[in-house]
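The lines below spell out each chain.
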Amino acid sequence: MTSPRASILDIARTAQVSPATVSRAFNQPQLVNPQTLARILSVAHDAGFRPNRVGSSLRSGSTRTLGLVLPTLINPVFAECFEGAEARARSDGYSVMVTTTGYDRQRERDAVSLLLDHRVEGIVVTVTHTVRNPVLEQIAAGGVPYVLAYNESAIHPCVSVDNARAAEDVIAALAALGHHTIAVVTGPLAASDRAGLRLDGARRAARRLGLPAPCHIELPSHTEACSTTLADALEGPSAPTAMFCSNDLLAAAVIAAVSALGQHVPRDLSVCGFDGVPFGAHMVPPLASLAQPSRDIGALACDLLLGALLGAPLVSRCLPHRFIAGGTVAAAPIRPAHLVE
């Protein structure tokens, strides 16, 4: 651990501690007396000292780095997850190396290979699907612990909400407003098992409530709308009065697209998202959504990894969700086909 301006010996001498204590202050700060830690960090700051992480890793065999594999950072929900994971890792003196996959299985394999090559000590990962996914076998073969984020699994450690139950709550909220014809809008199901679970939950709720089965509108992207597909879905007397989108970014894109088609949200069509990302509250009107605690998902997944590195068992966690009744959802409109003579 060296710096062009100061060495670890210089810091130890000025702070009146041993070089080993200085090393612990940067690598295991939780083991250092708070007053001593503050003094060391103050001396190091004044001297312009920066620890040599590469050299430390080579000597200890520990990179103190965790990997994070996410589908995209374009969607704010995953950016929140990263912030939660990074903050939790930093509190224990770890850094996070993040990479994205674009909802593509081959890119998942490439991303994991990259992280393993950089000798990360654990991986938080969101995969397309958990069933027979070679990426999870690849991580296990690399000998590092891993935790799924957002995915649900009975055999792999994971941190998520109950996606199907959350979708049921959305359908129940729409039904309570008089919506009987509801569409579920997703990107490709092959690229997201979360979207598939939300569709399953919506269908289950419709059966329980005695509603027609929700129409499934599968768009080419999980983050962009397709005006042609939406225009076709809005034609005819059986057109939906509400659309439940599998994520908030898709919901925002759908609102823009249907508005351009002449539909007013929510007077003509109610639209609800899933995620509860902060930008939804700033939309006009505010976005109705099913909120999941993304920052907590990242932080808890990281916390489980750090515990596993100390020998603790990896136990899956299901976090709570809540419905946000925003202004993009209203009572179902009365259409001529519904009037009784």
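The structure this text deals with has already been given above.
Residues numbered from 1 in each chain as written. Predicted model: local features only at pLDDT ≥ 70, side-chain atom pairs only at ≥ 80, totals over all residues. Heavy atoms only, no water.

(A) Focus on the overall build of the protein. A count of helical and extended segments in the protein gives 12 helices and 12 strands. Across its three principal axes, the protein shows a C-alpha extent of roughly 90 × 40 × 30 Å. Looking at the 341 residues of the protein, the share that counts as buried comes to 49%. Nonlocal contacts in the protein, meaning residues at least 24 apart in sequence, comprise 72% of its contacts between residues at least 6 apart. With the model as given, the accessible surface of the protein reaches about 15,700 Å², and the carbon-plus-sulfur share is 55%. (Helix = DSSP H or I, 4+ residues; strand = E, 2+ residues; numbered from the N terminus. Buried < 20%, exposed > 50% of the residue type's maximum accessible area, 1.4 Å probe, protein only. Contact = heavy atoms within 4.5 Å. Areas by Shrake-Rupley, 256 points an atom, 1.4 Å probe, with all protein chains shown as cover.)

(B) Inspection of the pairing of strand 4 (residues 146-149) at higher detail. Residues Tyr146 and Leu148 of strand 4 are buried on one face, and the alternating residues Val147 and Ala149, pointing to the opposite face, are buried as well. The pairing of strand 3 (residues 123-125) with strand 4 spans three bridges and is classified as parallel. By the bridge assignment for strand 4, valine 124 is matched with valine 147. Once you follow strand 3 into helix 7 (residues 134-141) and on to strand 4, the crossover reads as right-handed. Pairing analysis gives two bridges linking strand 4 to strand 5 (residues 158-160), with the strands arranged parallel. Within strand 5, the position partnered with leucine 148 by the bridge is cysteine 158. (Pairing = 2+ DSSP bridges. Right-handed = clockwise from strand over helix to strand, strands pointing away.)

(C) Fine view of helix 1 (residues 8-15). Along helix 1, the residues that are buried comprise Ile8, Ile11, Ala12 and Ala15. Each buried residue of helix 1 sits inside an arc of 100° when the element is viewed along its axis, so together they form one side. Opposite the buried face of helix 1, at more than 90 degrees from it, the exposed residues are Arg13 and Thr14. In this structure, the buried residues of helix 1 make contact with helix 2 (19-27) and helix 3 (34-47). (Arc of directions from axis to C-beta.)

(D) Molecular detail of helix 7. Buried within helix 7 are the following residues: Val135, Leu136 and Ile139. The buried residues of helix 7 occupy an angular sector of 100° when the element is viewed end-on, so they sit on one face. Exposed and oriented more than 90 degrees from the buried face of helix 7 are Glu137 and Ala141. Elements that come into contact with the buried residues of helix 7 comprise helix 6 (105-117), strand 3 and strand 4. Put simply, asparagine 133 is the residue that caps the front of helix 7, since its side-chain oxygen is 2.9 Å from the backbone nitrogen of valine 135. Positive backbone phi, approximately 80°, marks glycine 143, located one or two places after helix 7. (Polar contact = N/O pair within 3.5 Å; in protein donor to acceptor, adjacent residues only side chain to side chain.)

(E) Main features of unusual backbone geometry. Residue valine 265 is joined to proline 266 through a cis peptide bond whose omega torsion reads 10°. Take proline 266: it is sitting in the loop between helix 11 (248-260) and strand 9 (270-275). Cis geometry is adopted by the peptide bond preceding proline 285, which originates at valine 284 and carries an omega value of -5°. Tracing the backbone through its elements, the reader meets proline 285 in the loop between strand 9 and strand 10 (288-291). The residue arginine 64 is not glycine, and still its phi comes out positive at about 50°. Along the chain, the position of arginine 64 falls in the loop between helix 4 (53-60) and strand 1 (65-70). At aspartate 275, a position not held by glycine, the phi torsion is positive, near 140°. By the secondary structure assignment, aspartate 275 is in strand 9. Take aspartate 275: its relative accessible area is 3%, and that puts it in the buried class.

(F) Geometry of the side chain of serine 270. Following the sequence through the fold, serine 270 ends up in strand 9. Looking at serine 270, the relative accessible area reads 1%, which means it is buried. Of the polar contacts made by the side chain of serine 270, one reaches the backbone nitrogen of alanine 330; its length is 2.9 Å. Look past the residues within four positions of serine 270 in its chain and what remains in contact with it is His179, Thr241, Ala242, Met243, Thr328, Val329 and Ala330.

(G) Layout of the packing of aromatic side chains. By the definition in use, this model includes three aromatic pairs. Judged by centre distance (6.4 Å) and plane angle (35°), the rings of phenylalanine 244 and phenylalanine 274 are tilted. Note that phenylalanine 244 is positioned in strand 8 (residues 242-245) and phenylalanine 274 in strand 9, a separation of 30 residues in sequence. Judged by relative accessible area, phenylalanine 244 falls into the buried class, the value being 1%. On the accessibility criterion, phenylalanine 274 (0% relative accessible area) is buried. Its end group placed over the ring of phenylalanine 274, arginine 198 keeps NZ or CZ at 3.7 Å from the ring centre. (Phe/Tyr/Trp six-rings, centres within 6.5 Å; stacked < 30°, edge-to-face > 60°. Lys NZ or Arg CZ within 6 Å of the ring centre and 35° of its normal.)

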